[in-house]
Amino acid sequence: MAKLLESKPIAEKIKEEIKKQIQALKTTPVLVSVSAGENAGAASYVKSQFKAAESLGIIYRLEKLSQDISEAALIDFIGKLNADKSVNGIIVQMPLPAQIDYRKISRFIDPQKDAEGMHPANLGKLVFGKQAILPCTAAAVMELLNSTGIDLYGKEVVIVGHSEIVGKPLALLLLEKFATVTVCHIGTSKAGKLEEHVGRAEVLIVAVGKAGLIKGEWIKEDAVVIDVGINRVGDKIVGDVEFEAAQARASYITPVPGGVGPLTATMLMRNLVEAAKLQQ
Ligand code: NDP
C-alpha cells in the first residue's frame, strides 16, 4: 500500500525558507494577478494563490480586466506593470478570452517579473539548468519527488502529457537529475502504447486532465506516482490515475486534491521572491 505524498508538510517547510528570504529582501514583495473575464477554475487558483501569499505576508494584487479586452490592450497593461517598480511579479491567469493568443502574452512579461516561469527566456534557461525561476507545477513535482528521497539517477521516469506548463519543462528538470525520461502524449495513446510505457515507469507523472486515464493495474510495483490531473467528476475532484488500484501497487502516490495543487501556489511565491532578488 503506497504512502500518501501530500504537499502540505513540504509546502510548510519551503514557506519557512521563503519567509527568511523575504526578511533578507527588506521589502514586502508584490505579486499582481491579471485576469480577463470570469472563470470558475481560474477563480479557485486565484484563491489558493491569495492564501499562499497571505500566509507569507506577500502583497497579492488583483487586476480584473474585461472579457472583451483586446490583445493589444492586455499587452499594454502588462507593459505598465513591467515598468512599475513597485511590482515584483506578474501572473496572467488562464484561460484568457478567445481573442487573445495566450502563448504570445507570456512573451510580453518582463522575464525578471515572470512569476510563473513561462517567459521563453526562462523556459530556455531550463535547457542549461541552474535557473532561478521555474515553471511552478513542474517545480512542485520535483519537490514532491525530492521529499521521497528517491535517487533519480538512471531511473525510468515516464511523463504522460507534453504541455508547455507541465510535461515539457519537467522532462528537462528530470534530465538534469540524469533520469531516463520518456514523454507520452496523445500519439502514444493512439498508437496503443500508453500501458506499455506506464508499466515500466519507476516514477510515473501524469498531467493530462482525463479522469481514470491511467489504470491502477498498469502501475509497476513500488512505483512513485505523481498525479497532476485535476478533474471534476460529479461533485468530486479526482486525478488522472485510478487512485485506489494504483495505491495498492505504488510505493508513494499523490492524492487529488491535496497532492501537487497546494505546492504549486508555494512555488509561485518562491518564484516571486527569486524575481524580487533579481530585480534588486
Ligand atoms: P494540457 O491540456 O495543456 O495538456 C494535456 C496533455 O495531455 C497534452 O500533452 C495532451 O496531448 C495529452 N493527452 C491528452 N489526451 C491524452 C491521452 N489520451 N493519452 C496521453 N496523453 C494525452 O493540460 P495541462 O498540462 O495544462 O494540465 C494537465 C492536467 O493537469 C489538467 O487536469 C490540469 O487541470 C492539471 N493541472 C494541475 C495543476 C496543479 O497545480 N495541480 C497545474 C496545472 C495543470 P496533445 O496536446 O498532443 O493532445
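Everything numeric here is computed off the predicted structure, so don't read it as measured data.

Observations regarding the site of the ligand
Surveying the vicinity of the ligand reveals 22 residues, the closest of which are His162, Ser163, Ile186, Ser189 and Thr264. Lys210 places a side-chain nitrogen or oxygen 2.9 Å from a nitrogen atom of the ligand. One of the backbone N or O atoms of Ile230 is found 3.0 Å from an oxygen atom in the ligand. Burial of the ligand by the protein chains amounts to 74% of its free accessible area of 920 Å². Considering each element in turn, the shell around the ligand owes the most residues, three residues, to helix α11 (residues 260-279). Considered class by class, the residues forming the shell around the ligand number 11 nonpolar, 10 polar and one charged.

With respect to the packing of helix α1 (residues 8-25) against α11
Two numbers describe how α1 lies on α11: the axes approach to 10 Å, and their chain directions differ by 20°. Considering the angle they form, α1 stands roughly parallel to α11. By crossing handedness, the relation of α1 to α11 is classed as left-handed. Across the interface between the two elements, Ile10, Ala11, Ile14, Lys15, Ile18, Gln21, Ile22 and Leu25 from α1 touch Leu263, Thr266, Met267, Met269, Arg270, Val273, Glu274, Ala276 and Lys277 from α11.

Points about the domain arrangement of the protein chain
Looking at the assigned domains, one finds that the protein chain contains domain 1 (27-112) and domain 2 (136-260). A separation of 28 Å is found between the C-alpha centroids of domain 1 and domain 2.

Structural notes on unusual backbone geometry
In terms of backbone geometry, most residues other than glycine have negative phi values and most peptide bonds are trans. In this structure, the amide linkage connecting Met94 to the following residue, Pro95, adopts the cis form with an omega of -5°. In this fold, Pro95 is placed in the loop between β4 (89-92) and α4 (102-105). For the bond from Val256 to Pro257, the omega torsion is 0°, close enough to zero to count as cis. Looking at the element boundaries, Pro257 is found in the loop between β11 (252-253) and α11. A positive phi angle is found at Lys26, which is not glycine, with a value near 65°.

Some points on the sheet that holds strand β2 (residues 30-36)
In spatial order, the strands read β3-β2-β4; together these three strands make up an open sheet with parallel pairing. The sheet terminates laterally at β3 (59-65) and β4, the two strands that pair on one side only. Along the sheet, successive strands turn relative to each other by an average axial angle of 20°, direction set aside. By the bridge criterion, four bridges tie β2 to β4 in an arrangement that is parallel.

Notes on α11
Taking 1.5 Å as the rise per residue, α11 with 20 residues should run 28 Å; its terminal C-alpha atoms sit 29 Å apart, in good agreement. With 14 of its 20 residues buried, α11 lies for the most part within the structure.

Structural notes on the pattern of salt bridges
Under the criterion given, the structure shown has 11 salt bridges. A salt bridge links Arg270 to Glu143; the shortest N-O distance between them is 2.9 Å. Placement of Arg270 in helix α11 and of Glu143 in helix α6 (residues 136-148) is noted, with a sequence separation of 127 residues between them. Residue Glu143 is classed as buried on the basis of its relative accessible area, which comes to 19%. Residue Lys277 is joined to Glu274 by a salt bridge in which the shortest nitrogen-to-oxygen separation is 3.3 Å. Here Glu274 and Lys277 lie together in helix α11, a separation of three residues that amounts to about one turn. The class of Glu274 is buried, set by a relative accessible area of 18%.

Reading the values: the criteria
Residues numbered from 1 in each chain as written. Predicted model: local features only at pLDDT ≥ 70, side-chain atom pairs only at ≥ 80, totals over all residues. Heavy atoms only, no water. Near = heavy atom within 4 Å. Polar contact = N/O pair within 3.5 Å; in protein donor to acceptor, adjacent residues only side chain to side chain. Areas by Shrake-Rupley, 256 points an atom, 1.4 Å probe, with all protein chains shown as cover. Helix = DSSP H or I, 4+ residues; strand = E, 2+ residues; numbered from the N terminus. Nonpolar A, V, L, I, M, F, W, Y, C, P; charged D, E, K, R; others polar. Axes fitted to C-alpha atoms, helices over the stretch in contact; angles between N-to-C directions. Parallel < 35°, antiparallel > 145°, perpendicular 65-115°, else oblique. Left-handed = near helix turned anticlockwise from the far one by under 90°. Contact = heavy atoms within 4.5 Å. Domains from an automatic or database assignment. Pairing = 2+ DSSP bridges. Expected span 1.5 Å × (residues − 1). Buried < 20%, exposed > 50% of the residue type's maximum accessible area, 1.4 Å probe, protein only. Salt bridge = Lys/Arg side-chain N within 4 Å of Asp/Glu carboxyl O.

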